[in-house]
Amino acid sequence: MPLYEYRCPVCDDTFEARRPMAEASDPIDCPQGHVGSRRLLSVFASVGASSGSSAPAPAAPGRPAGGGCCGGMCGC
Ligand SMILES: [Zn+2]
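Conventions adopted
- Residues numbered from 1 in each chain as written.
- Predicted model: local features only at pLDDT ≥ 70, side-chain atom pairs only at ≥ 80, totals over all residues.
- Heavy atoms only, no water.
- Salt bridge = Lys/Arg side-chain N within 4 Å of Asp/Glu carboxyl O.
- Buried < 20%, exposed > 50% of the residue type's maximum accessible area, 1.4 Å probe, protein only.
- Phe/Tyr/Trp six-rings, centres within 6.5 Å; stacked < 30°, edge-to-face > 60°.
- Helix = DSSP H or I, 4+ residues; strand = E, 2+ residues; numbered from the N terminus.
- Polar contact = N/O pair within 3.5 Å; in protein donor to acceptor, adjacent residues only side chain to side chain.
- Contact = heavy atoms within 4.5 Å.

**Notes on the pattern of salt bridges**
Applying the stated criterion to the full structure yields 2 salt bridges. Notably, a salt bridge pairs Arg 7 with Asp 12, separated by 2.8 Å at the nearest N-O pair. Between Arg 19 and Glu 23 there is a salt bridge, with its nearest N and O atoms 4.0 Å apart. Overall, Arg 19 belongs to the buried group, its relative accessible area being 10%.

Encoded structure:
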C-alpha cells in the first residue's frame, strides 16, 4: 500500500498515512483528530543542486568616466 503525505488545515501538521490508491485523495483525520486533512501533492525535496550559470559578466570599462581633470578637456 503506498504511503501518502497529508497536511492538516487546522494544526498545520503534516503526517504520512498508508492508504489504498483509490482513497489517496480522500480527506483523512490528522493524528490530533482534526478532520479534513488533504493529501499533499508530490513533494520534491529541494536538494540544493543549483547549477549556477548566472555569473555576471564584469562590465567592460569603455572609457574612464568621471571628472578627472587630466583625462578630459577641462583645460586645467
Ligand atoms: Zn490537525
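**A short note on the packing of aromatic side chains**
Scanning the entire structure with this criterion turns up 1 aromatic pair. For the pair Tyr 6 and Phe 15, a centre-to-centre distance of 5.9 Å together with 25° between the ring planes defines the contact as stacked. Tyr 6 sits in the buried class, given a relative accessible area of 0%.

**Quick look at the side chain of Arg 19**
One can find Arg 19 in the loop between β2 (14-18) and β3 (38-39). Within the structure, the side chain of Arg 19 is placed 3.3 Å from the side chain of Tyr 6, a separation counted as a polar contact. At a separation of 2.8 Å, a polar atom in the side chain of Arg 19 contacts the main-chain carbonyl oxygen of Asp 26. Sequence-distant contacts of Arg 19, that is, excluding residues within four places in its chain, are made with Met 1, Pro 2, Tyr 4, Tyr 6, Ala 24, Asp 26, Pro 27 and Ile 28.

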